[in-house]
Amino acid sequence: GLVQAQADATQLEAIADLTAVRLVRRPYLPAPFAVTSEGVALINASAWQTAGVTGTGVKIAVLDTGFAGYPARQSGGDLPVSLTTNFAAGAEGDSNHGAAVAEVVYDVAPGAELRLVKYSTDVDFAVAADDAANWGAKVIVHAMGFFQGGPGNGTGAVNAKVNAVTAGGVLWVQAAGDQAQRHWTGASSDGPNNEWVGFNPAASHKITATQGAPVEIVVKWNDPYGASANDYDLLLCATDACLNAADVLADSRDPQDGTQNPEERITLTGGPVGGAPFTGDYFLKVKRFKATGTSTFHIHVTSPNPSPNVLSFTPSSAEKSLAIPADNANAFVIGAVNHASATVIEPFSSLGPTIDGRIKPD
């Protein structure tokens, strides 16, 4: 039900006017999650390998947005010499995140057959998942996640694809996310239209970021997907008061009139080097454009780079900070611990439950 296209901005209204087009939007972009290859001894994989259980005969696909430098890892023995690839647009990408994930898989199951599948958006995520399944993968490893396209209860297009693939007998291994310290959820206070939404304990959230950091902000609320009648706007301001237009650094004012998703998104692309225009504090505020009553909000601050470009996000709450499709009942979802203290959850590791009350991670 999704079509991905590259179009000039002047063409967008004509595309939107086509009778077959319900909505025109930018694609959803996944965020990569932290990965370190220190787990073989901790999970006792070395004992299985010594016993001859190495994954031989099993096909494992790694889905990611970048496999830069994977040939060097093959030469160095960190990846198998023989593997297959399917890279969107024919290139391995700028990020080496997927290569690092594949290295972990190879460390744990050195006898398995590997396939590296690159994608970029929610649309070609579906193509990548189908490619892996059609190749014959029995395990798909996905250490990335989305924060749009569903409320967090296992529904939405990304989750539908995971359901279809796992129904065919594939084990989907999914990272929970790194959002525990870059997420907030809570109820808003009521108020008139065209005024700031009141959050507890304040009317804004503060983001501290470094200049040039690629930062994305997603705000969702508890209206039905595809039928949101409460219209909120998202603004990023240079001051907490945000008294005038000069204070507004970026905004998202998509309409919600009963047929759209309850979401707004800002991507920081300004500044001399792209990304955040300066090093310092930014203030995230939500305005009630046309809404009645109160709503429960989820705020995610993400980055396409797994390094800590977002220095802090306050106030934050770890509860229900799962990425999509870590909310999927058919995915085997893993959180993060430090290998030096394996019984202690990493402070950044996303926590459940799902929006509909299921325990995750697994």
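Report on the accompanying structure.

Cut-offs and rules
- Residue numbers restart at each chain and count upward from 1, following the sequence in its written direction.
- Local features in this predicted model are restricted to residues whose pLDDT is 70 or higher, and side-chain atom pairs enter the listing and the counts only when it is 80 or higher, whereas totals over whole chains, interfaces and linings include all residues.
- Based on all heavy atoms of the structure, the side-chain values leave hydrogens and waters out of the count.
- Every angle, taken between N-to-C directions, lies between 0 and 180 degrees, and every axis is a line fitted to C-alpha atoms, over only the stretch in contact when it is a helix.
- For the purposes of this entry, the term helix denotes a DSSP run of H or I that reaches at least four residues, the term strand denotes a run of E that reaches at least two, and both are numbered from the N terminus.
- If an angle is under 35 degrees, it is roughly parallel; if it is over 145, roughly antiparallel; if it lies from 65 to 115, roughly perpendicular; otherwise it is oblique.
- Whether two residues are in contact is decided by their heavy atoms: any pair within 4.5 Å suffices.
- Following the grouping adopted for this structure description, the nonpolar residues are Ala, Val, Leu, Ile, Met, Phe, Trp, Tyr, Cys and Pro, the charged ones are Asp, Glu, Lys and Arg, and the polar ones are all others, Gly among them.
- Any carboxyl oxygen of Asp or Glu that lies within 4 Å of a side-chain nitrogen of Lys or Arg is treated as forming a salt bridge with it.
- Working definition: with a 1.4 Å probe on protein chains only, accessible area under 20% of the residue-type maximum means buried, over 50% means exposed, and in between means partly exposed.
- At least two DSSP bridges between two strands are needed for those strands to be called paired.

## Examining the packing of helix 5 (residues 122-135) against helix 6 (residues 157-167)
Inference 1: For the pair helix 5 and helix 6, interaxial distance at closest approach is 10 Å and the crossing angle is 5 degrees. On the basis of the axis angle, helix 5 is roughly parallel to helix 6. When helix 5 is examined against helix 6, the residues D122, F125, A126, A129, D130 and A133 are found in contact with a partner set consisting of V158, K161, V162 and V165.
Inference 2: Across the contact of helix 5 with helix 6, the residue classes tally to seven nonpolar, no polar and three charged.

## Some thoughts on the pattern of salt bridges
Inference 1: Across all of its chains, the model carries 11 salt bridges by this definition.
Inference 2: For K161, the salt bridge identified is with D130, shortest N-O distance 3.0 Å. Pair noted here: K161 is in helix 6 and D130 is in helix 5, with a separation of 31 residues, a long-range link.
Inference 3: A relative accessible area of 18% places K161 in the buried class.
Inference 4: Of the residues examined, D130 reaches a relative accessible area of 30% and is grouped as partly exposed.
Inference 5: Close ionic contact of R253 with D251 constitutes a salt bridge, the shortest N to O distance being 2.7 Å.
Inference 6: On the accessibility criterion, R253 (44% relative accessible area) is partly exposed.

## Comments concerning the sheet that holds strand 14 (residues 263-268)
Inference 1: Pairing is antiparallel across the open sheet formed by four strands, whose spatial order is 8-16-11-14. The sheet is open, and its two edges are formed by strand 8 (183-187) and strand 14, each paired on a single side. Sheet twist, expressed as the mean angle between neighbouring strand axes with direction ignored, is 10 degrees.
Inference 2: With six bridges connecting them, strand 11 (residues 215-221) and strand 16 (residues 296-302) associate as antiparallel partners. Bridge assignment links E216 to a residue of strand 16, and that residue is T302.

So yeah, pure geometry; function would need other evidence.
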